[in-house]
Number of protein chains: 2
Amino acid sequence: MSTSGFGGLHPLPHYAVIFSSQRRTANDGAAADDGYGDMAERMVRLCEGRPGFLGIESARDAAGFGITVCYWSSLDAIAAWKADAEHRIAQTEGIARWYAHYELRVVQVLKAYAMTPDAASPR
Amino acid sequence: MSTSGFGGLHPLPHYAVIFSSQRRTANDGAAADDGYGDMAERMVRLCEGRPGFLGIESARDAAGFGITVCYWSSLDAIAAWKADAEHRIAQTEGIARWYAHYELRVVQVLKAYAMTPDAASPR
């Protein structure tokens, strides 16, 4: 099967940013979808286009809770991306427009493995 | 707002397991939902009940792609959980029944922060 959409395996050491977020809903009194798709896509493109970018994966459930993990070759690459992203966000109405709460982590990947189970042999 | 569903902030250093997975669909010739909910819930409970468990967050989109991040106080705690999980999985029909592909990473959290933007002050 295709493994597109996954972060993929990369030489160690490498690093990642984990961004967990709860999108606002109509109950929060915000226009939840207004401009969000465009903003999110821009942030992804900003990540993908940078030196040191390795891969990205993202999932958001029907209740608006999402996790995005972006993999990088170095902490310097993350710092450069972060500075650029913050600069660009500062030029917008800010992420409070879209998120009710978010958590962001910078991590070092210590071990990684992938598996594509054989559908014909469930064990 | 409530921050339930988030991993939460914890003293550094700490660690995490990132589990990214694509669930099988009916197109893969598998009974995608058969028993899955029960299995997933058991794995979560297995994580939550263990020494060293700090927090867990999880999102899966409508296409069946999901990311779960489980936070731990030590690598020893992760190793103990992993051995237990593998033992329990070995007693079942295996995860090939549910997943078309998955990637698993063990990481060290280097930095973490959280924000609850003020809805009344979008900047």
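Small disclaimer: the values here were computed from a predicted structure and weren't measured.

Rules and cut-offs
- Residues numbered from 1 in each chain as written.
- Chains lettered and ligands numbered in written order.
- Predicted model: local features only at pLDDT ≥ 70, side-chain atom pairs only at ≥ 80, totals over all residues.
- Heavy atoms only, no water.
- Pairing = 2+ DSSP bridges.
- Helix = DSSP H or I, 4+ residues; strand = E, 2+ residues; numbered from the N terminus.
- Axes fitted to C-alpha atoms, helices over the stretch in contact; angles between N-to-C directions.
- Contact = heavy atoms within 4.5 Å.
- Buried area = accessible area lost by both parts, 1.4 Å probe.
- Salt bridge = Lys/Arg side-chain N within 4 Å of Asp/Glu carboxyl O.
- Nonpolar A, V, L, I, M, F, W, Y, C, P; charged D, E, K, R; others polar.

Asks: Could you clarify how one ought to interpret the sheet that holds strand β4 (residues 99-115) of chain B in this entry?
Replies: Strand pairing in a sheet takes place through backbone hydrogen bonds and is either antiparallel or parallel in direction. Here we have eight strands laid out as an open sheet, ordered β2(A)-β3(A)-β1(A)-β4(A)-β4(B)-β1(B)-β3(B)-β2(B), and antiparallel in their pairing. Bordering the open sheet on either side are β2 (53-60) of chain A together with β2 (53-60) of chain B, each of which pairs with just one other strand. Within this sheet the neighbouring strands show an average axis-to-axis angle of 25°, counted without direction.

Asks: So what exactly am I meant to see when it comes to the environment of A:Ala79 here?
Replies: In this structure, A:Ala79 sits in helix α2 (residues 75-90). Along the backbone, A:Ala79 and A:Met115 are 36 residues apart, and their C-alpha atoms lie at a distance of 31 Å.

Asks: Can you walk me through the interface of chain B and chain A in this structure?
Replies: Buried accessible area, meaning the area lost when the parts come together, often serves as the stated size of an interface. The interface of chain B with chain A comprises 54 residues on the first partner and 54 residues on the second. Between chain B and chain A, the buried area comes to about 4500 Å², and carbon and sulfur atoms account for 62% of it. Interface area lost by chain B to chain A is led by B:Phe6, B:Arg105 and B:Tyr113, which between them contribute 15%. At the boundary of chain B with chain A, the tally comes to two salt bridges. A salt bridge links B:Glu57 to A:Arg105; the shortest N-O distance between them is 3.5 Å. Put simply, the parts of the chain that give the side of chain B that touches chain A at least two residues each are β1 (14-23), β2, β3 (65-72), α2 (75-90) and β4 of chain B. Looking at the side of chain B that touches chain A residue by residue, the classes come out as 28 nonpolar, 14 polar and twelve charged. In this sheet, β4(B) lies alongside strand β4 (residues 99-115) of chain A in antiparallel orientation, the contact comprising 13 bridges. Along β4(B), the bridge assignment pairs A:Tyr102 with B:Met115.

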